[in-house]
Amino acid sequence: MFELIIFEILKVLNSSSRYFHWKMNLCVILLILVFMVPFYIGYFIVSNIRLLHRQRLLFSCLLWLTFMYFFWKLGDPFPILSPKHGILSIEQLISRVGVIGVTLMALLSGFGAVNCPYTYMSYFLRNVTDADILALERRLLQTMDMIISKKKRMAMTRRTMFQKGEVHNKPSGFWGMIKSVTTSAPGSENLTLIQQEVDALEELSRQLFLETADLYATKERIEYSKTFKGKYFNFLGYFFSIYCVWKIFMATINIVFDRVGKTDPVTRGIEITVNYLGIQFDVKFWSQHISFILVGIIIVTSIRGLLITLTKFFYAISSSKSSNVIVLLLAQIMGMYFVSSVLLIRMSMPLEYRTIITEVLGELQFNFYHRWFDVIFLVSALSSILFLYLAHKQAPEKHMAP
């Protein structure tokens, strides 16, 4: 599909051939996303349940029907298409897939627009010194020494109890069971208390170790920010922070005034620049080439960002039993993400290049998707700003506490 977007800009193949390939690709990917992948997700979920193993095909069909019910109900609250379309038309399926995909894109874009400058800019780095790291390492070593000493006490207590016969000489019979329940040896009470203290100290040691590793990582980032490459990324951070503020401002304007752009951003930007500078410039020619480059950048960066995010998520929650289900879920998310990318990239293309895409996608309410993207993007970006602000505000207090 992304190849076909490039073909639209470069006018590769005849228009009828591009239309056919667009139609075929959309039909195939919708077949995969709506029918095949959800069925196999249900099949692998049922296969992991022993009680349902013999009738897994039946229960897989029931899970798929449940998915289809909620998938279809998803379109009821949203004005996503004209009511005249049939039940199994491309418009019915792609409109619902687009809602999920656009929501995912907006969430990732909102977080990325805030997290990228926060990660790149040296302004947000905490001032970490060698003394801070040494103080935290000293606390970690003291905690480890306390854990070792308490475990030694536990071993000595167990040895004393064994020598006194408190471990093997347990009372037998009915009255012996009652006595063992109502009374306990003083040594066992000490063991329970010491074990609780050891558990608390081990949890503290894990937290101190993570904080120490975080301080080392922050110190390395401070050193890296002083290099030429670090200064370059710091400049990018300032650029993206301006872009983030502009994007949030424009999303707010679009929501408040119910505004959707009619001209693609490249053509609009060139027109404003040419009119401001008052120079002779072939807007149509250069907007075509710049749109080609811009769409390519959008495609590469969006796919790369999505794959990195999903790979981290996969490594975090995967196991031997759930790996098949997780891989299929990631495939489902990626497919919906790519379909909705076509819906949104369409607006970044000049008007003459989006004709076939508009015809293939049908009579969708494209303005709704752009407005929905702005709403979710704004919520995601503001939530990310609040989260990163609280995390950044608490971090120095947490690490530098005595």
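Here the structure is shown first, and the text comes after it.
Residues numbered from 1 in each chain as written. Predicted model: local features only at pLDDT ≥ 70, side-chain atom pairs only at ≥ 80, totals over all residues. Heavy atoms only, no water.

(A) The arrangement of the side chain of Thr218 in detail. Within the element layout of this structure, Thr218 appears in helix 7 (residues 186-225). There is a polar contact of 2.8 Å between the side chain of Thr218 and the backbone oxygen of Asp214. Those residues in contact with Thr218 that lie beyond four places of it in its chain are Arg126 and Val128. (Helix = DSSP H or I, 4+ residues; strand = E, 2+ residues; numbered from the N terminus. Polar contact = N/O pair within 3.5 Å; in protein donor to acceptor, adjacent residues only side chain to side chain. Contact = heavy atoms within 4.5 Å.)

(B) Summary view of the environment of Leu330. Turning to its location among the elements, Leu330 is positioned in helix 11 (residues 323-345). Separated by 20 residues in the primary sequence, Leu330 and Leu310 have C-alpha atoms spaced 6.8 Å apart. Not counting residues within four places of it along the chain, the set of residues in contact with Leu330 comprises Leu310, Phe313 and Phe314.

(C) Summary view of helix 4 (residues 90-120). Its 31 residues give helix 4 an end-to-end C-alpha distance of 42 Å, which sits within 8% of 45 Å, the value for a rise of 1.5 Å per residue. Residue Gly112 marks the point of greatest curvature in helix 4, where the axis turns by about 25°. (Expected span 1.5 Å × (residues − 1). Bend = angle between axes of the 7 residues up to and from the residue.)

(D) Inspection of the packing of aromatic side chains at higher detail. One pass over the structure, following the stated rule, counts 12 aromatic pairs. Centroid distance Tyr232 to Phe233: 5.5 Å. Interplanar angle 65°. Geometry classified as edge-to-face. Exposure remark for Phe233: the relative accessible area of 22% places this residue in the partly exposed category. Chaining the aromatic ring pairs together yields one cluster made of Phe39, Tyr40, Tyr43 and Phe44. The ring of Trp72 carries the charged tip of Arg96 above its face, separated from the ring centre by 4.5 Å. (Phe/Tyr/Trp six-rings, centres within 6.5 Å; stacked < 30°, edge-to-face > 60°. Buried < 20%, exposed > 50% of the residue type's maximum accessible area, 1.4 Å probe, protein only. Lys NZ or Arg CZ within 6 Å of the ring centre and 35° of its normal.)

(E) Focus on helix 5 (residues 130-163). Taking 1.5 Å as the rise per residue, helix 5 with 34 residues should run 50 Å; its terminal C-alpha atoms sit 49 Å apart, in good agreement. Of all the residues in helix 5, the buried ones are Ile133, Leu136, Leu140, Thr143, Ile147, Lys150, Met154, Thr157 and Met161.

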